[in-house]
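Each chain, written out:
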Amino acid sequence: MFRQSLSWFACVALLGASQAQAQAPKPPPSSKTSTPVAKLAAGIQARTLKNGLTVIVWPDHDIPNVAFNNWFRVGSRNERPGITGLSHFFEHMMFNGAKKYGPGEFDRVMEANGGANNAFTSEDVTVYLDWFPSSALPLIFDLEADRLQSLAFDPKVIESERGVVYSERRSGVDNDNSGALMEQMQATAFVAHPYQIPVIGWPSDIESWRMEDLQRYYKTYYAPNNATLVIAGDVEPASLFALVERTLGAIPSQPAPEPVRTKEPEQQGERRITLKRMAQSPLLQVAYHSLAANDPEAETLELLGLILTDGDSSRLHRKLVEDARVAIRVRGIFSGGFDPSLTWFMVDLPPGGDLPRAEALLTEELARVAKDGVTDAELRKARNIALATFWRKLETNDGRARELGAAATFRGDWRALLDAPTRYEKVTRDRVRTLAARLFNSDHRTVGWLVPTAGPATAARKEASR
């Protein structure tokens, strides 16, 4: 399984908030049927079943393959102390057997019929991905219906998978300096909102999930009315809808999950943390409170991020890596979801690197953008990159299914995908400068340093040795 944070600048334009509703065939007023994306997407159809499952179909018969994406609106944002990490745990458990297809059968049967699968979990969603020949369509829906209505809760399998998840935490956080610093940064930046919870979960919770916790979580969040299913490829919409109705349409809906009501209060001043761990090189991370994925300025933030951190010609690479030579790599991340999240800057320093100087240069450059803005050439380059990336994603069935699912889940309407190129075109230099001035406020940021030590700190050594 891979996990994906849905968080890099290049992804932000297609993310947005609120839940999917039934869609009518009428396009939104701002979309013109003559635009390339509208022509490409002319055959898309959507409907919502009686049990609340939203189904979106993008037919394309160029090759006899199909991409299947099932988006569940559940992630670490829906967890609480005691059950942190459960969303990600179910990403594993959904492949460990159900009533009809036992342990290992989901993968074995799918692969025997030419298919493959994966899944990822974020703060906001858990998404299941299948790719297969169109001839296997009825079989794939039989597999999916089995695990969505009759998942097995075998105590031995649960304990085994608990160990697998703990091992994943060791490799991605406890034994990874960047992951460890990022986890502490996120827990520090949010004092109220559940975005403070790590997707992988806290160690003591992973060790203590109870059977009743798992069963309640599965029943609440793996209900058809909490999901959006997207199918792209060699399918006929009418027969596909009939197949979905016969299989997934029989699964009963459940009461809607409790909404996340907590809003993060405004940060009153800069927060700082220092992590001392065995490492060859220091790390610097800076995270500013930022936007939700459906914010009207989401595309502006994406282009600002590309200007600052994308490639060797980006501003921060040139300033920190090439000119001052205080860093060997600079990255930018925006983890926009249903609620306002963080914009990150992550700086890898060379051995013996100067953390105060790297931080000062980063802060200076962000202040310069907030004061003076960006050039026409910089904005044009960022827009070209964003548009080229957008079109590349729509080349494949897999890319189309993901983009439709993201638009439907986060923006509340798959047709928001059709407006993406227009939204990029509307970004101006003034909007970039105004957004930079709004976001890059030192009172609204958390700064993290990882300072190398000769040996592992006690806490890190304890977790790493479990």
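Residues numbered from 1 in each chain as written. Predicted model: local features only at pLDDT ≥ 70, side-chain atom pairs only at ≥ 80, totals over all residues. Heavy atoms only, no water.

> Residue-level account of the overall build of the protein, with values.
Scanning the protein from terminus to terminus reveals 17 helices and eleven strands. Against the 2.2 N^0.38 benchmark of 23 Å for 466 residues, the protein shows a C-alpha radius of gyration of 23 Å, consistent with a compact globule. Taken along the three principal axes of its C-alpha coordinates, the protein extends 65 × 55 × 40 Å. Looking at the 466 residues of the protein, the share that counts as buried comes to 58%. Residue pairs at least 24 apart in sequence account for 83% of intrachain contacts in the protein once pairs closer than 6 positions are excluded. (Helix = DSSP H or I, 4+ residues; strand = E, 2+ residues; numbered from the N terminus. Rg over C-alpha atoms; globule rule 2.2 N^0.38 Å. Buried < 20%, exposed > 50% of the residue type's maximum accessible area, 1.4 Å probe, protein only. Contact = heavy atoms within 4.5 Å.)

> Can you tell me about the sheet that holds strand β6 (residues 227-233), naming the residues and giving the values?
Taking strand neighbours across the sheet as the criterion, the six strands line up as β1-β2-β6-β3-β5-β4 in an open arrangement whose pairing is mixed. Looking at which strands have only one partner, the edges of the open sheet turn out to be β1 (45-48) and β4 (116-121). Pairs of neighbouring strands in the sheet enclose a mean axial angle of 15 degrees, with direction left out of account. This element, helix α2 (residues 86-93), spans β4 and β5 (126-133) of the sheet and lies at about 170 degrees to β4. Packed onto the sheet, helix α3 (residues 105-112) meets β4 and β5 and runs at close to 135 degrees relative to β4. (Pairing = 2+ DSSP bridges. Axes fitted to C-alpha atoms, helices over the stretch in contact; angles between N-to-C directions.)

> Hey, could you go over the packing of aromatic side chains for me, with residue numbers and the actual values?
Under the defined criterion, the tally for this structure stands at 23 aromatic pairs. On the basis of an interplanar angle of 90 degrees and a centroid distance of 6.1 Å, the ring pair of Trp-71 and Phe-120 is categorised as edge-to-face. Taken together, the residues Trp-71 in strand β3 (residues 65-72) and Phe-120 in strand β4 connect sequence positions 49 residues apart. The class for Phe-120 is buried, based on a relative accessible area of 1%. An angle of 70 degrees between the planes, with centres 5.8 Å apart, marks the rings of Phe-190 and Tyr-195 as edge-to-face. The residues Phe-190 and Tyr-195 share a single accessibility class, namely buried. Aromatic rings pair up to connect Phe-72, Phe-89, Phe-90, Phe-95, Phe-106, Tyr-128, Phe-153, Trp-209, Tyr-217, Tyr-218, Tyr-221 and Tyr-222 into one cluster. When the ring centre of Phe-241 is taken as reference, the NZ or CZ atom of Arg-47 above it lies at 4.0 Å. Against the face of Phe-95 rests Arg-147, its NZ or CZ located 4.8 Å from the ring centre. (Phe/Tyr/Trp six-rings, centres within 6.5 Å; stacked < 30°, edge-to-face > 60°. Lys NZ or Arg CZ within 6 Å of the ring centre and 35° of its normal.)

> Which residues make up the pairing of β5, and what values do they have?
The buried fraction of β5 amounts to six of the eight residues, a majority that puts the element mostly inside the structure. Across eight bridges, β3 lies against β5 in antiparallel orientation. Residue pairing in the sheet places Asn-69 in a bridge with Leu-129 of β5. In this antiparallel pair of consecutive strands, β4 and β5, the connection spans four residues.

> Lay out the sheet that holds strand β10 (residues 342-348) with the relevant residues and their values.
Spatially, β7-β11-β8-β10-β9 is the arrangement adopted by the five strands of the open sheet, whose pairing is mixed. On the outer flanks of this sheet lie β7 (271-278) and β9 (329-334), each paired with one strand and no other. Direction aside, neighbouring strands of the sheet carry axes that sit 15 degrees apart on average. Here strand β8 (residues 283-289) pairs with β10 via seven bridges, running antiparallel. By the bridge assignment, Tyr-288 is partnered in β10 with Thr-343.

> Any details on the pattern of salt bridges? Residues and values, ideally.
Counting across every chain of the model gives 35 salt bridges. Its salt-bridge partner being Asp-213, residue Arg-210 comes within 3.1 Å of it at the nearest N-O pair. A relative accessible area of 45% means that Arg-210 is categorised as partly exposed. On the basis of relative accessible area, Asp-213 is assigned to the buried category, the value being 5%. Sharing partners across several salt bridges, the network here consists of Arg-315, Arg-318, Lys-319, Glu-364, Glu-365, Arg-368 and Glu-378. (Salt bridge = Lys/Arg side-chain N within 4 Å of Asp/Glu carboxyl O.)

> Give me the UniProt feature "domain: Peptidase M16 N-terminal" (unreviewed entry) in the protein: which residues, what numbers.
Taken from the UniProt record, the annotation "domain: Peptidase M16 N-terminal" (unreviewed entry) applies to residues 69-200. End-to-end, the C-alpha atoms of residues 69-200 are 22 Å apart, and along that stretch the chain is 47% helix and 14% strand. (UniProt positions renumbered as here; feature names shortened; annotations may be inferred.)

> Can you break down the packing of α2 against helix α8 (residues 211-221) residue by residue, with the values?
α8 packs onto α2 with a crossing angle of 85 degrees between their chain directions and a minimal axis gap of 11 Å. Considered as vectors, α2 and α8 are oriented roughly perpendicular to each other. Each of Leu-86, Ser-87, Phe-89 and Phe-90 in α2 lies in contact with α8, whose residues at this interface are Asp-213, Leu-214, Tyr-217 and Tyr-218. (Parallel < 35°, antiparallel > 145°, perpendicular 65-115°, else oblique.)

> So, the side chain of Arg-73: which residues are in play, and what are the values?
Among the structural elements, Arg-73 can be located in the loop between β3 and α2. The buried charged residue Arg-73 lacks any salt bridge, with Asp-124 as its nearest oppositely charged partner at 10 Å. (Lys, Arg positive; Asp, Glu negative; His and termini not counted.)

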